[in-house]
Amino acid sequence: VCGCSAGGTYFGILPQFHKNFIGLQYYYRQFETQHTSIAEPKEFTSHETFKTIELRMRLNITRKLQLLTFLPFGLNKQTERNTTNTIEGLGDVTLIANYSLYNNGDSLLHLWKHNLQIGGGIKLPIGKYKQLNKDGVLNPNIQVGTGSTDFILHAIYTIRRKKVGCNTNMQYRLTSTNTNSYKFGDRVSLTSNVFYWANVLGFSVLPNIGMSYEYAAKDKHQKILLPNSRGQNIVATIGTDFYIKQFALALGYQHPMHQNSPIIKQKSRISTTLLINF
């Protein structure tokens, strides 16, 4: 349900469209899950923590075509009934191709600047997804990989007038079944942030605020739908990007505003991204 490894990749505002970059993103998430057991009449709660360090790269192939690579390293922890299980390792690599349908950001004739990108890609199952805890139990939701080859479709649209703009990121993830006969539900996300571009003491600052909608369909095990595995969230986002010469630093905070999940309670998330543009 709360699988970190099944989550989507958020591209961010990324205003320096014409540049290549390489860098790291740190992402921290927490969840609480209500469990029921046939052997126990009372419910019990588990606490999940997902820490991810992701290598990010972007390469401009042509003026309109970009290739992006995301390679995460995950440290996932689940605590329930005074027992803590920890799983760590490389996650699944994601490869994305972006194509710019329209971009008039360099034009002096237009007051409104538009940048529309569409793209798609694939998530390859190189991460571990069969790690067991000390009781020999396989938990697919805290694995660093999913074991499945997934396909991604997305679109990014940015509109700006002078120093004020809005960035919208839409993504759909089509999942497949792994060798454990487990299939995470397809995922949809929509994020929109309003930003302000300011120049301060020789560097650029980009404060932003917005909302994010996330939906996950039900998971399947051996082609059987798991009834408590779906969910949807509305999340408030706030952050600030800094641009100093070839360096970019992004700080982000996300707070759940509305949740609709049978057993999962999502807590606040934080992210930090450091990129070198070239």
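About the cut-offs
Residues numbered from 1 in each chain as written. Predicted model: local features only at pLDDT ≥ 70, side-chain atom pairs only at ≥ 80, totals over all residues. Heavy atoms only, no water. Helix = DSSP H or I, 4+ residues; strand = E, 2+ residues; numbered from the N terminus. Areas by Shrake-Rupley, 256 points an atom, 1.4 Å probe, with all protein chains shown as cover. Pairing = 2+ DSSP bridges. Buried < 20%, exposed > 50% of the residue type's maximum accessible area, 1.4 Å probe, protein only. Phe/Tyr/Trp six-rings, centres within 6.5 Å; stacked < 30°, edge-to-face > 60°. Salt bridge = Lys/Arg side-chain N within 4 Å of Asp/Glu carboxyl O. pLDDT = per-residue confidence, 0-100. Contact = heavy atoms within 4.5 Å. Patch = residues over 30% accessible without salt bridge, like charges linked within 9 Å, V, L, I, M, F, W, Y side chains within 5 Å. Core = buried A, V, L, I, M, F, W, Y, C linked by side-chain atoms within 4.5 Å.

Turning our eyes to something else, we now look at the overall build of the protein chain. The helix and strand tally for the protein chain stands at zero helices and 18 strands. Split by element, the accessible area of the protein chain, about 14,600 Å² in all, is 63% carbon and sulfur.

Moving on, we come to the environment of T240. Relative to the elements of secondary structure, T240 occurs in strand β15 (residues 231–244). As for T240 and Y253, which are separated by 13 residues in sequence, their C-alpha atoms are 9.4 Å apart.

We now examine the sheet that holds strand β9 (residues 182–183). Consider a sheet: its strands pair through backbone hydrogen bonds, and that pairing is either parallel or antiparallel. Sheet architecture is open: three strands sit in the order β9-β13-β14, paired in antiparallel fashion. If you trace the sheet from one side to the other, it starts and ends with β9 and β14 (224–225), each paired once.

Moving on, we get to unusual backbone geometry. With a phi angle near 55 degrees, K162 is a residue other than glycine that sits in the positive phi range. Along the chain, the position of K162 falls in the loop between β7 (150–161) and β8 (164–174). Exposure remark for K162: the relative accessible area of 59% places this residue in the exposed category. A positive phi angle is found at K245, which is not glycine, with a value near 55 degrees. Following the sequence through the fold, K245 ends up in the loop between β15 and β16 (247–260).

Now for the packing of aromatic side chains. Throughout the structure, instances matching the rule amount to four aromatic pairs. Residues Y182 and F184 carry aromatic rings whose centres are separated by 5.2 Å and whose planes lie at 65 degrees to one another, so their mutual orientation is edge-to-face. Residue classification places Y182 among the buried residues on the basis of a relative accessible area of 8%. Taken together, a centroid distance of 5.6 Å and an interplanar angle of 10 degrees make the contact between W197 and Y243 stacked. In this pair, W197 sits in the loop between β10 (187–196) and β11 (198–200) while Y243 sits in strand β15, placing the two residues 46 residues apart along the sequence. Given a relative accessible area of 22%, W197 falls into the partly exposed group. What makes Y243 buried here is its relative accessible area of 9%.

Attention now goes to the pattern of salt bridges. According to the stated counting rule, one finds six salt bridges in the structure shown. Linking D150 and K123 is a salt bridge whose minimum nitrogen-to-oxygen distance equals 3.6 Å. One end of the pair, D150, is in strand β7; the other, K123, is in strand β6 (residues 112–124), and 27 residues separate them in sequence. Here D150 and K123 have matching classes, each one buried. Within the structure, one salt-bridge network assembled from shared partners comprises D92, K123 and D150.

Moving on, we come to the confidence of the model for the protein chain. Across the protein chain, pLDDT averages 87, with 90% of residues at or above 70. When the criterion is pLDDT under 50, residues 1–7 qualifies, and its contacts beyond four places in sequence or with other chains add up to 30 contacts.

Attention now moves to the environment of G145. Positionally, G145 belongs in the loop between β6 and β7. For G145, a relative accessible area of 0% gives the class buried.

With that out of the way, let us pick up a nonpolar patch on the surface. Nonpolar side chains collect at one region of the surface, where L24, Y26, I53, F73, L90, V164, V194, Y196, I209, I238, Y253 and I270 lie side by side and expose about 1,100 Å² of accessible area between them. When residues of the nonpolar patch are traced back to their parent elements, those giving at least two are β1 (21–35) and β10. Inspection of the secondary structure assignment puts V194 in strand β10.

A few words on the nonpolar core. In this structure, F21, L68, F70, I96, I152, F195, L206, Y243, A248 and L275 together form the largest nonpolar core, which totals ten residues. Core analysis: the next-biggest nonpolar cluster, separate from the first, contains seven residues, F31, I142, V144 and I263 among them.

A separate point is the pairing of strand β5 (residues 93–103). With six bridges connecting them, strand β3 (residues 65–80) and β5 associate as antiparallel partners. Of the residues in β5, the one forming a bridge with Q66 is N98. Sheet topology places β5 next to β6; ten bridges connect them, and they run antiparallel. Pairing of S100 across the sheet is with Q117, part of β6.

What follows covers the environment of G121. Here G121 shows up in strand β6. C-alpha separation for the pair G121 and H154, spaced 33 residues apart in sequence, amounts to 8.8 Å. Contacts of G121, omitting those with residues within four sequence positions, involve L95, I96, D150, F151 and I152.

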